[in-house]
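# Secondary and tertiary structure notes
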Number of protein chains: 2
Amino acid sequence: MSAKRTTVVKHLLLLGAYLQREAGRMLLDVDINQQQFVVLKEIQERGPMIQREICSAILFEKSNVSKIVKKLLKSGLVTSIPSAEDARAASLSVTPKGRLLIGRCMKKLNAWNRKWLEGLSEKELEAAVEVLDRIAAMAK
Amino acid sequence: MSAKRTTVVKHLLLLGAYLQREAGRMLLDVDINQQQFVVLKEIQERGPMIQREICSAILFEKSNVSKIVKKLLKSGLVTSIPSAEDARAASLSVTPKGRLLIGRCMKKLNAWNRKWLEGLSEKELEAAVEVLDRIAAMAK
DNA sequence: CATAAATGGTATCCATGTCAACTATATTCG
DNA sequence: CGAATATAGTTGACATGGATACCATTTATG
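Throughout what follows, the structure given in this document is the object of discussion. Fair warning: this is a prediction, and the values are worked out from it, not measured in the lab.

Take the overall build of chain A next. Along the backbone of chain A there are six helices and two strands. Mapped in sequence order, the helices and strands of chain A form the string α-α-α-α-β-β-α-α. Viewed in the frame of its principal axes, chain A has a C-alpha envelope of about 50 × 35 × 25 Å. The buried share of chain A, taken over its 140 residues, is 49%. Expressed as a percentage of contacts within chain A between residues at least 6 apart in sequence, the contacts between residues at least 24 apart total 54%. Accessible surface, chain A as shown: approximately 7400 Å² in total, 55% of it carbon and sulfur.

Structure (structure tokens):
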């Protein structure tokens with residue numbers, strides 16, 4: 001019981017570190033890193049949104065999100081307009097350039113994911129999604 | 001299918017980053033970071049072992065493991081004796097001080113894991129272990 | 001056997017993630 | 001209302017992880 005929990009946490013820790021490295025390498029030649037990509041994708045999927053919303057969605061530190069957004073703005077992958085409700089915040093959206101880059105990255109990532117996880121049956125994949133959804137929900 | 005794979009990878013990426021941060025914070029007051037602890041624990045469980053073995057067991061970069069081991073040696077948590085088989089390598093073991101620290105850390109971590117994952121049923125926990133074992137095996 | 005290639009490990013440079021302190025605006029409540 | 005508190009976001013210092021080049025030894029190969 002306690003051992004199982006420890007196993008789960010250890011796996012998540014190690015797989016997380018491994019994936020961060022691998023994804024980072026894969027994205028090297030598009031001049032974006034793995035966390036920047038995660039934020040960009042999040043904005044595309046659920047945006048327009050402000051930084052706080054990004055933080056709670058993907059569980060990054062706000063200072064980290066702030067720096068990532070700064071880079072994405074600088075590279076012209078997202079745009080920012082002052083929030084109507086809150087003068088401290090800015091509403092972020094993905095630019096056409098950003099959408100283009102997401103497309104290219106997803107192709108690479110999908111190919112890699114497929115290769116990496118091809119040994120998993122459809123059933124296993126479903127089980128994985130289900131259980132990870134559950135666990136992710138507990139983190140919030 | 002492809003979407004499910006993406007979901008799995010995304011969850012692993014985000015949960016990994018989240019856990020690294022949380023575990024790191026939890027270990028702050030024992031002056032060790034999360035990766036150092038993972039390496040230390042690995043040496044305790046499967047040691048004595050050399051750096052290369054650590055790398056392939058936990059999928060860290062060798063330059064990273066080298067630095068981590070250096071710190072563990074400096075803090076007196078592990079000891080190193082020249083490997084009998086290979087003059088380039090050194091065999092690493094956990095010291096009594098290291099074992100002590102592992103005990104203290106495990107207490108903290110177990111408490112935290114329990115609290116975090118208490119919503120998971122025994123069945124779900126088993127499903128999680130099973131599927132993560134499978135996925136971890138594919139990473140090697 | 002000797003040279004080339006591979007491997008275990010280290011040192012250095014650089015990017016990046018975290019923390020803490022801060023500014024500015026919003027919200028709460030006496 | 002106005003002071004206190006909370007919240008959105010930024011910044012700078014710092015530690016650390018990854019890439020690279022490198023050394024020493026081991027293994028493979030002509």
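For the rest of this paragraph, the subject is the relation of the copies chain A and chain B. After a rotation of 180° and a shift along the axis of 0.0 Å, chain A superposes on chain B with an RMSD of 0.0 Å. On this basis, the relationship between the two copies can be described by a two-fold rotation axis. Among all C-alpha atoms of chain A, that of A:G16 lies closest to the rotation axis, at 1.9 Å. A share of 100% of interface residues in chain A that are also interface residues in chain B marks the association as one of identical surfaces.

So, on to the interface of chain A and chain B. Contacts between chain A and chain B engage 53 residues on the former and 53 residues on the latter. Among the residues chain A hides against chain B, the three largest losses belong to A:K4, A:R5 and A:L13. Together they make up 11% of the total. Inspection of the region where chain A meets chain B yields 14 salt bridges. The residue B:K10 makes a salt bridge to A:E42 at a minimum N-O spacing of 3.3 Å. Our enumeration of links across chain A and chain B arrives at 22 residue pairs in polar contact (both at pLDDT 80 or more).

Here is what the cut-offs are and how they apply
- Residues numbered from 1 in each chain as written.
- Chains lettered and ligands numbered in written order.
- Predicted model: local features only at pLDDT ≥ 70, side-chain atom pairs only at ≥ 80, totals over all residues.
- Heavy atoms only, no water.
- Helix = DSSP H or I, 4+ residues; strand = E, 2+ residues; numbered from the N terminus.
- Buried < 20%, exposed > 50% of the residue type's maximum accessible area, 1.4 Å probe, protein only.
- Contact = heavy atoms within 4.5 Å.
- Areas by Shrake-Rupley, 256 points an atom, 1.4 Å probe, with all protein chains shown as cover.
- Least-squares fit on C-alpha atoms with pLDDT ≥ 70 in both.
- Buried area = accessible area lost by both parts, 1.4 Å probe.
- Salt bridge = Lys/Arg side-chain N within 4 Å of Asp/Glu carboxyl O.
- Polar contact = N/O pair within 3.5 Å; in protein donor to acceptor, adjacent residues only side chain to side chain.

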